[in-house]
Amino acid sequence: QVQLVESGGGLVQPGGSLRLSCAASGSIRSINVMGWYRQAPGKERELVATIRSIGRTNYADSVKGRFTISRDNANNTVYLQMNSLKAEDTAVYYCNLVDAWANDYWGQGTQVTVSS
């Protein structure tokens, strides 16, 4: 079994920054993709950013230029640096891991609230 533990969420003012971390542990096979998704109240879960084992990244249009995803392969950790935060970025952020066998794992989520 694989466990994903997120940290770094919280309350921040508009224009501020936060850095999310997600550490994977357990019976980890070859990791294919790690990423972040978010779900705001009353909305469906949506992709924020992903990063493949070779380093290729993908971002939602709404966060391009503001968020940066990075990865520490040696420690099975993925980060999301969020700058210029907006009220519409408020959501629960979930870490995701897909291994080379297409097994899909999710973290418990961490709340990000952008408010003055």
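Heads up: the structure comes first, above all this text.
The rules we used
- Residues numbered from 1 in each chain as written.
- Predicted model: local features only at pLDDT ≥ 70, side-chain atom pairs only at ≥ 80, totals over all residues.
- Heavy atoms only, no water.
- Salt bridge = Lys/Arg side-chain N within 4 Å of Asp/Glu carboxyl O.
- Buried < 20%, exposed > 50% of the residue type's maximum accessible area, 1.4 Å probe, protein only.
- Helix = DSSP H or I, 4+ residues; strand = E, 2+ residues; numbered from the N terminus.
- Disulfide = S-S within 2.5 Å.
- Core = buried A, V, L, I, M, F, W, Y, C linked by side-chain atoms within 4.5 Å.
- Contact = heavy atoms within 4.5 Å.
- Pairing = 2+ DSSP bridges.

So, the pattern of salt bridges
Pairing between side chains of opposite charge can happen when their charged atoms approach one another. In total, this model carries 4 salt bridges according to the counting rule given. Here R38 ties to E46 by a salt bridge, and the two come within 2.7 Å at their closest N and O atoms. Note on E46: relative accessible area 38%, which makes it partly exposed. R38 serves as the salt-bridge partner of D89, at 3.0 Å between the closest nitrogen and oxygen. Of this pair, D89 sits in the loop between β8 (77-82) and β9 (91-99) while R38 is found in strand β4 (residues 31-39), placing the two residues 51 residues apart along the sequence. Looking at R38, the relative accessible area reads 5%, which means it is buried. Each of R38, E46, R66 and D89 takes part in one network of salt bridges that share partners.

Some details on the state of the cysteines
Taken as a whole, this structure holds 1 disulfide when the rule is applied. One disulfide bridge connects C22 with C95, the sulfur atoms lying 2.0 Å from each other. Taking the sign of the torsion about the S-S bond as the criterion, the disulfide between C22 and C95, at about -85°, is left-handed. Here C95 lies in strand β9 and C22 lies in strand β3 (residues 18-26), a separation of 73 residues in the sequence. The same class applies to C22 as to C95, namely buried.

Topic: the nonpolar core
Ranked by size, the top nonpolar core spans 29 residues in total, and within it W36, L80, M82 and Y93 carry the most contacts. The set of elements that each furnish at least two residues to this core consists of β1 (2-7), β3, β4, β5 (46-52), β7 (67-72), β8, β9 and β11 (110-114). Residues in contact with Y93, not counting those within four places in the same chain, are E6, L20, W36, Y37, R38, V48, F67, L80, M82, G109, T110 and V112.

Some thoughts on the pairing of β9
Extensive coverage of β9 is indicated by the burial of 8 of its 9 residues. Note: β9 against β11, 3 bridges, orientation antiparallel. Bridging from a neighbouring strand, A91 pairs with V112 of β11. Pairing geometry for β9 and strand β10 (residues 104-106), over 3 bridges, is antiparallel. Across the sheet, V98 pairs through a bridge with D104, a residue of β10. In sequence, β9 turns back onto β10 through a hairpin of 4 residues, with A102 there showing a positive phi of about 70°.

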